[in-house]
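Chain residues, written in single-letter form:
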Amino acid sequence: MTAYEIPSLAKPPKAGKGEVWLMANGDLRLSANQKCWAAQQEMEAELAKAFESCGYTLKRAHPYKDAEQHGFIGSQKEGMQVFRNIDPNCRLVVAEAVWQYSHHLLHGLISHQGPILTVANWSGTWPGLVGMLNLNGSLTKAGVKYSTLWSEDFADARFQSQLAGWLESGRIKHKTGHTVPLRKVKIGAKERKLGEALAAQLRHDKAIMGIFDEGCMGMFNAIIPDHLLNPTGVYKERLSQSALYYETMQVGDEEARAVRRWMEEHGLTFRTGPDHAADLTDDQILLQCKMYIAALRIADDFGCALIGIQYQQGLKDLLPASDLVEGTLNNAERPPVTSRDGSRVLYDGEPLPHFNEVDECAGLDGLMTYRVHKAMGQPVENTLHDLRWGDWDKSGTTADYVWVFLISGAAPPAHFGGWKNASSERQPAMYFPNGGGTLKGVSKTGEIIWSRVFIENDRLKMDLGRAGIIELPADETHRRWQATTSQWPIMHAVTYGVSRDQMMARHKANHIQVAYANSAAEADKALLAKAAMADAMGMEVAICGTRKNGKAWD
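Owing to the predicted nature of the structure, the values given are computational and were not obtained by experimental measurement.

Thresholds, definitions, all that
Residues numbered from 1 in each chain as written. Predicted model: local features only at pLDDT ≥ 70, side-chain atom pairs only at ≥ 80, totals over all residues. Heavy atoms only, no water. Helix = DSSP H or I, 4+ residues; strand = E, 2+ residues; numbered from the N terminus. Rg over C-alpha atoms; globule rule 2.2 N^0.38 Å. Buried < 20%, exposed > 50% of the residue type's maximum accessible area, 1.4 Å probe, protein only. Contact = heavy atoms within 4.5 Å. Areas by Shrake-Rupley, 256 points an atom, 1.4 Å probe, with all protein chains shown as cover. Lys, Arg positive; Asp, Glu negative; His and termini not counted. Charge placed at Lys NZ, Arg CZ, Asp CG, Glu CD. Salt bridge = Lys/Arg side-chain N within 4 Å of Asp/Glu carboxyl O. Pairing = 2+ DSSP bridges. Disulfide = S-S within 2.5 Å. Core = buried A, V, L, I, M, F, W, Y, C linked by side-chain atoms within 4.5 Å. Axes fitted to C-alpha atoms, helices over the stretch in contact; angles between N-to-C directions. Phe/Tyr/Trp six-rings, centres within 6.5 Å; stacked < 30°, edge-to-face > 60°. Lys NZ or Arg CZ within 6 Å of the ring centre and 35° of its normal.

**Focus: the overall build of the protein chain**
If you tally the helices and strands in the protein chain, you get 15 helices and 18 strands. Computed over its C-alpha atoms, the radius of gyration of the protein chain comes to 23 Å, within 12% of the 24 Å expected for a compact globule of 554 residues. Once the C-alpha set of the protein chain is aligned to its principal axes, its extents read approximately 70 × 65 × 55 Å. When burial is assessed residue by residue, the protein chain has 60% of its 554 residues classed as buried. Residue pairs in contact within the protein chain that sit at least 24 positions apart in sequence constitute 79% of those at least 6 positions apart. For the protein chain, the computed accessible surface area is about 21,600 Å², with 50% contributed by carbon and sulfur atoms. Positive and negative side-chain charges in the protein chain, numbering 60 and 65 respectively, have mean positions lying 6 Å apart.

**Digging into the pattern of salt bridges**
Summed over the entire model, instances satisfying the criterion amount to 41 salt bridges. Linking Lys 236 and Asp 226 is a salt bridge whose minimum nitrogen-to-oxygen distance equals 3.9 Å. Of this pair, Lys 236 sits in strand S8 (residues 234-239) while Asp 226 is found in helix H7 (residues 226-229), placing the two residues 10 residues apart along the sequence. Looking at Lys 236, the relative accessible area reads 13%, which means it is buried.

**Examining the pairing of strand S18 (residues 540-544)**
Residues in a regular strand project their side chains so that they alternate between the two faces of the sheet. Of all 5 residues in S18, 4 are buried, a share of seventy percent or more. As defined by bridge partners, strand S15 (residues 459-469) adjoins S18 across 4 bridges and the pair is classed as parallel. Each bridged residue has a counterpart across the sheet, and for Leu 464 the counterpart in S18 is Ile 543.

**A short note on the state of the cysteines**
In total, this model carries 0 disulfides according to the counting rule given. Between Cys 36, a cysteine without a disulfide, and Cys 216, which holds the nearest cysteine sulfur, the sulfur-to-sulfur distance is 17 Å. The thiol of Cys 304 is not disulfide-bonded; the next cysteine sulfur, from Cys 216, is found 18 Å away. Note on Cys 304: relative accessible area 2%, which makes it buried.

**Things to note about the nonpolar core**
Ranked by internal contacts, the top residues of the largest apolar core, which has 84 residues, are Leu 364, Trp 403, Met 539 and Ile 543. For Met 539, the residues in contact, after removing those within four places along its chain, are Leu 364, Met 368, Val 453, Arg 459, Leu 460, Lys 461, Met 462 and Ala 534. Judged by nonpolar contacts, the second largest core, of 44 residues, contains Phe 212, Ile 309, Leu 346 and Trp 419.

**Digging into the sheet that holds strand S10 (residues 304-309)**
Read from one edge of the open sheet, 3 strands run S8-S7-S10, paired in parallel fashion. Because the sheet does not close on itself, it has two edges, and the strands there are S8 and S10. If you compare each strand with its neighbour and ignore which way they point, the axes differ by 25° on average. By the bridge criterion, 5 bridges tie strand S7 (residues 207-212) to S10 in an arrangement that is parallel. From the neighbouring strand, Ile 211 faces S10, where its bridge partner is Gly 308. Along the sheet face, helix H12 (residues 360-376) touches S7, S8 and S10 and points at about 140° away from the line of S7.

**Thoughts on the packing of aromatic side chains**
The full count for this structure, using the stated rule, is 8 aromatic pairs. Three or more aromatic residues joined by ring pairs form one cluster here, namely Trp 122, Trp 392, Tyr 401 and Trp 403. Its end group placed over the ring of Tyr 516, Lys 444 keeps NZ or CZ at 5.3 Å from the ring centre.

**So, the sheet that holds strand S5 (residues 147-151)**
The 5 strands lie next to each other as S2-S1-S3-S4-S5, forming an open sheet whose pairing is parallel. Edge strands, defined here as strands with exactly one partner in the open sheet, are strand S2 (57-60) and S5. For this sheet, the mean inter-axis angle between neighbouring strands, taken without regard to orientation, is 30°. Two elements, strand S3 (residues 92-96) and strand S4 (residues 116-121), share 5 bridges in a ladder whose sense is parallel. If you follow Val 93 over to S4, its bridge partner there is Leu 117. Relative to the sheet, helix H1 (residues 30-53) contacts strand S1 (19-23), S2, S3 and S4, its axis offset from that of S3 by approximately 140°.

Spelled out as structure tokens, the structure:
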């Protein structure tokens, strides 16, 4: 009789008394992990002191890697190896001073049985808070219980108190009283009727969301499962970035040059140089203009109402950045592109909504925004931004806390007051080896609606709120750009009735969707119409903060 070979499971070590284990998740790109390691080391040293003051020892669950010159977990494969060798019941801290790929750890966090704490620094330069927000949104979607903390100084009394609470109970509960369920909010009859009609139209007529490769940068929270998306009337066309590359290479030089001429004639400034490795070059711009034409033609082929390009994994090795393409697509005023036979202008006079980094939650939100604003006669241009950072104004212009909304791509020139206020600079080489220009500008003053679609308890949900975009002096804008990424478009946002910590406690993504309205009153109505549309689409909706005048929504 043949004996079966029964596998044996290795027994991981047990955490010692008073011991908390730490993981540092990182980027998939070696260059980013190496450059960011010093900031992570500094954060971990400060965290260790905070845990010591509470009577606990912080122990790294994985070592520094001499060959790679960093101590981050750099892949899903590596993450699985690490989790095989830790106590499944230990207190576990995921500490982030940088952007991280959530899928490197998600598998282990889903099965981990001990208390989980995500922690981030508060820095624009080292965006741990952006990485942590993505991880939090991914854990929320996966149904994993976790607690979260953030701090500018891990020695401050508030952080120490919250940390001590987690060490004692394994849980931290933040106050989120700034949110109101939609059922408690009065919506005007006209806004409700419009929102419900738009939802019914979408379910009846349906719409196609073009996805150029799903699942960018580990953002599990940015993928909407079909069984949640399809009942809204939206269906995915799963496209390949290889098809976009091929189509890009079929576009003639003269067509691409015509796109660039149009942009320059409308005021866009390209900041170019001769060195491919360091500068934005004419050849890079030519390829970006070809990609713009290719994206519109493929979208037209498949009847897409919106598209998302992943870019940062795959295309980054073949083409310049997609950011100039994305922001241009999101603008109503943009270079005309014809069908291949020249017989039709594609998406004539309107944007083709694009969602950066194939964030499908932002895509669905952007499509809804476009339709609501078009029906209401409001500006239709909308985009996602990273909830990158925030700080008090150092210039004394305002006493309000001012967020930095910042994204590598997708911001339309209309948000800067037009093409004349936009420029294009080379993307940072650390992330973008093939260069390519951004679509950079300072967002104009005005009233916006911000929102986020997310997934919790296997249900689509949406948070909406209001904010004002303010003007800051050039020196203060420069300071904020230098503290983040100076090549990217920036928005100075003051959220109404939502503090920094309330936003961090509630928001389930690294991205936030924004759109302008013509006035504060019209912005309130647009928010309520979109909320009614989301409700009619089956989402659980919450309104965050207050109106501009400080009055509650209920």
